[in-house]
Amino acid sequence: FNHKKMLKDRVLFEKDISKAREMLDTESKEMITPYLMQRDILIKEISKLEQVKISYSNNIKLRNKHKEIYTSYQNIDKSIDKLNEELKKLKENSPDINHILDTLGIFLNLYLKLVNLQNRYGVQISKESFLPVFRDKDYYNITSGGLRTIISIGHMLGILNFSIDYNINHPRLLMIDTVGKYLGKTTKDEYLVETNSKEDAKERLSDPHKYVKIYENIINVVNKANDKGYPCQVILVDNDVPNTFLNNYKKYIIAHFSPSDKVAKQLGLIDDI
């Protein structure tokens, strides 16, 4: 009897447990489901907002880049306008090539006049070679080495003179070595083949007065630049400076070398060794 009753009670107890479990599952589902749904909605919203945030961030970067590009564009546009204005002024004020060559020809003619070359005609700058022409003869066809020396110095000096009067691309620096080449000084044998000695003598290029006038022309151009406030320098190397120049223009001699210390303050490098 007791055994049957216990079995019956067990069956009833298991039914109660099953019913309680079913009720618990149902109630739990009804209670938890809204929270789960709300959680899913929030997760989706967060994900959506993250995408919006990334999109905004990219748009801001793009906008800043556009702004940077536009600023750069404005600066370049201003630079182009400025360059166009400068180019326009350059085109309007650019000197004519014929004017330049004519002016250089005038400078050369005045220089040759002061040096006192005889039969001074047909002096100009060639429009083909841009080199001096003297007596209607191109520079390359002049056989007198001394005459070529005087004319080439005058041409370089004319360009320097032009740079003082006009704003051109010139450093206003001139360097000349062996000023007296073929001008009556002792000429090395290897140089004799480059000149016609008879033509040199015919031109009377050994006249010391011409030599001094070359120096005076150079000094006049440098003084002209100094008067206008332009930096200008001419460096000359000469083994036979005229005595007249030594006496009258000592302030222009920067270094004077000689094999004898009685003549100059400094001995030559070779002599010192």
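Check the entry above for the structure.
A few points on the structure. (Residues numbered from 1 in each chain as written. Predicted model: local features only at pLDDT ≥ 70, side-chain atom pairs only at ≥ 80, totals over all residues. Heavy atoms only, no water.)

1. Structural notes on a nonpolar patch on the surface
A cluster of nonpolar residues, Leu 173, Met 175 and Ile 235, forms a patch on the protein surface that exposes about 270 Å² of accessible area. Relative to the elements of secondary structure, Ile 235 occurs in strand β5 (residues 233-237). Judged by its relative accessible area of 33%, Ile 235 is partly exposed. (Patch = residues over 30% accessible without salt bridge, like charges linked within 9 Å, V, L, I, M, F, W, Y side chains within 5 Å. Areas by Shrake-Rupley, 256 points an atom, 1.4 Å probe, with all protein chains shown as cover. Salt bridge = Lys/Arg side-chain N within 4 Å of Asp/Glu carboxyl O. Helix = DSSP H or I, 4+ residues; strand = E, 2+ residues; numbered from the N terminus. Buried < 20%, exposed > 50% of the residue type's maximum accessible area, 1.4 Å probe, protein only.)

2. Considering the nonpolar core
One finds Tyr 111, Leu 112, Phe 134, Ile 150 and Ile 214 to be the most contacted residues of the largest nonpolar core, which totals 38 residues. At the level of secondary structure, the elements contributing two or more residues to this core comprise α2 (97-115), α3 (145-165), β4 (173-177) and α6 (208-227). If near-sequence neighbours (up to four positions away) are discounted, Leu 112 is found in contact with Leu 117, Arg 120, Val 123, Phe 134, Ile 150 and Ile 151. (Core = buried A, V, L, I, M, F, W, Y, C linked by side-chain atoms within 4.5 Å. Contact = heavy atoms within 4.5 Å.)

3. Brief notes about the sheet that holds strand β1 (residues 124-125)
Spatial strand order, β1-β2-β3: three strands in an open sheet with antiparallel pairing. Each edge of the sheet is formed by a strand with only one pairing partner; in this case those strands are β1 and β3 (137-138). Two elements, β1 and strand β2 (residues 132-134), share two bridges in a ladder whose sense is antiparallel. Looking across to β2, one finds that Gln 124 is bridged to Val 133. (Pairing = 2+ DSSP bridges.)

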